[in-house]
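Listed below are the residues making up each chain.
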Amino acid sequence: MKYSIILPTYNEALNISAMVRRIRELYGNDPEILIVDDRSPDGTFEQASALASDIPNVRAVLHDGPRSLSASVLCGFDRAQGDVLFCMDADGQHRPEDLGRLLSAMEHNDMVIGSRYVEGGGFAEKWKFSRVLTSRTAALMAKLILNVRIQDPMSGFFAIRKEAYEKVRAELDPRGFKIMLEILSLLILLPGIRIAETGIVFAMRKHGASKLSTHVILQYLLMLKNSFLKQRKLKKRTALSA
Ligand SMILES: Nc1nc2c(ncn2[C@@H]2O[C@H](COP(=O)(O)OP(=O)(O)O)[C@@H](O)[C@H]2O)c(=O)[nH]1
Ligand SMILES: [Mg+2]
């Protein structure tokens, strides 16, 4: 199976080389690796370009337009050449060790979600109770509002078949930061789509700081509302064509 790994970056100059090195230690030349940088001021793109010129199958892409995590992931997915597309954080929180299990699960599925809350999943180091509570509440809201029956729709570590991605591509909002959940909320409405969850262990960020700010909660609520409306539109369209 030809697969591509998309690593969105914003100020990950201290993490990106180690991440690419580790992926290659485990999987060699098999995956295409696309680093999609958002014009980081810390020199991440220069690092990514150096990696791309030294290593086969590594590509450095500069995302233009307003800075956005979702738009960067979409930019990577659109350019990737693999039949299976992975999305992973570049800061060390998503472990390359777990990718192999997601890849195996992709043999029989259209989308595989890396989950901290199923067997084999968890946290490498104890997370603050308040953070786990926020993550669980966000997941519960996604379940209630979007009917997404997945334990960990917030993990951000996932794989999808390019074919399945293309079916929902036109509906995706490039402004957000939870692209996995957005894709999932639309894919569950399509007939015959197989989705699975596989355990992943969330590690601590290696260097630097999280890019998420306080208004993410508001952004998240807006995203739920918009995804809910999109689901309604898609359901109506499907009912009309049935
Ligand atoms: N291209 C791009 N990458 C981003 C942006 N925000 C975050 N990232 C990357 O997305 C991944 C997850 O972001 P992070 O800040 O660690 O989120 P957290 O783990 O939820 O705290 C990391 O690889 C970041 O460098 C952005 O606006 N654009
Ligand atoms: Mg992180």
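Structure: above.
Residues numbered from 1 in each chain as written. Chains lettered and ligands numbered in written order. Predicted model: local features only at pLDDT ≥ 70, side-chain atom pairs only at ≥ 80, totals over all residues.

Visitor: Help me understand unusual backbone geometry, please; the structure alone is not making it clear to me.
Guide: Negative phi is the rule for most residues except glycine; trans is the rule for most peptide bonds. The phi torsion at Asn11 lies on the positive side, around 55°, for a residue other than glycine. Note on placement: Asn11 falls in the loop between strand E1 (3-9) and helix H1 (16-27). Residue Asn11 is classed as partly exposed on the basis of its 18 C-beta neighbours within 10 Å. For Asn57, which is not glycine, the phi dihedral falls at a positive 70°. Among the secondary structure elements, Asn57 is positioned in the loop between helix H2 (44-54) and strand E3 (58-62). Given 16 C-beta atoms within a 10 Å radius, Asn57 is considered partly exposed. (Helix = DSSP H or I, 4+ residues; strand = E, 2+ residues; numbered from the N terminus. Buried ≥ 20, exposed ≤ 12 C-beta atoms within 10 Å, placed from the backbone.)

Visitor: It is not clear to me how the sheet that holds E1 should be interpreted in this structure. Could you clarify?
Guide: Remark on secondary structure: sheet strands pair via backbone hydrogen bonds, oriented parallel or antiparallel. Strand order across the open sheet formed by seven strands is E3-E2-E1-E4-E7-E5-E8, with mixed pairing between neighbours. With one partner strand each, in any of the chains shown, E3 and strand E8 (195-199) form the two edges of the open sheet. Strand-to-strand twist across the sheet, computed as the mean angle between neighbouring axes with direction ignored, equals 20°. As judged from the three bridges shared by strand E5 (residues 111-115) and strand E7 (residues 158-161), these two strands associate in the antiparallel manner. For Met111, the partnering residue across the bridge sits in E7 and is Ile160. Of the strands in this sheet, E1, strand E2 (32-37), E3 and strand E4 (84-87) are in contact with helix H3 (residues 69-79), which crosses E1 at around 155°. (Pairing = 2+ DSSP bridges. Axes fitted to C-alpha atoms, helices over the stretch in contact; angles between N-to-C directions. Contact = placed C-beta atoms within 7 Å.)

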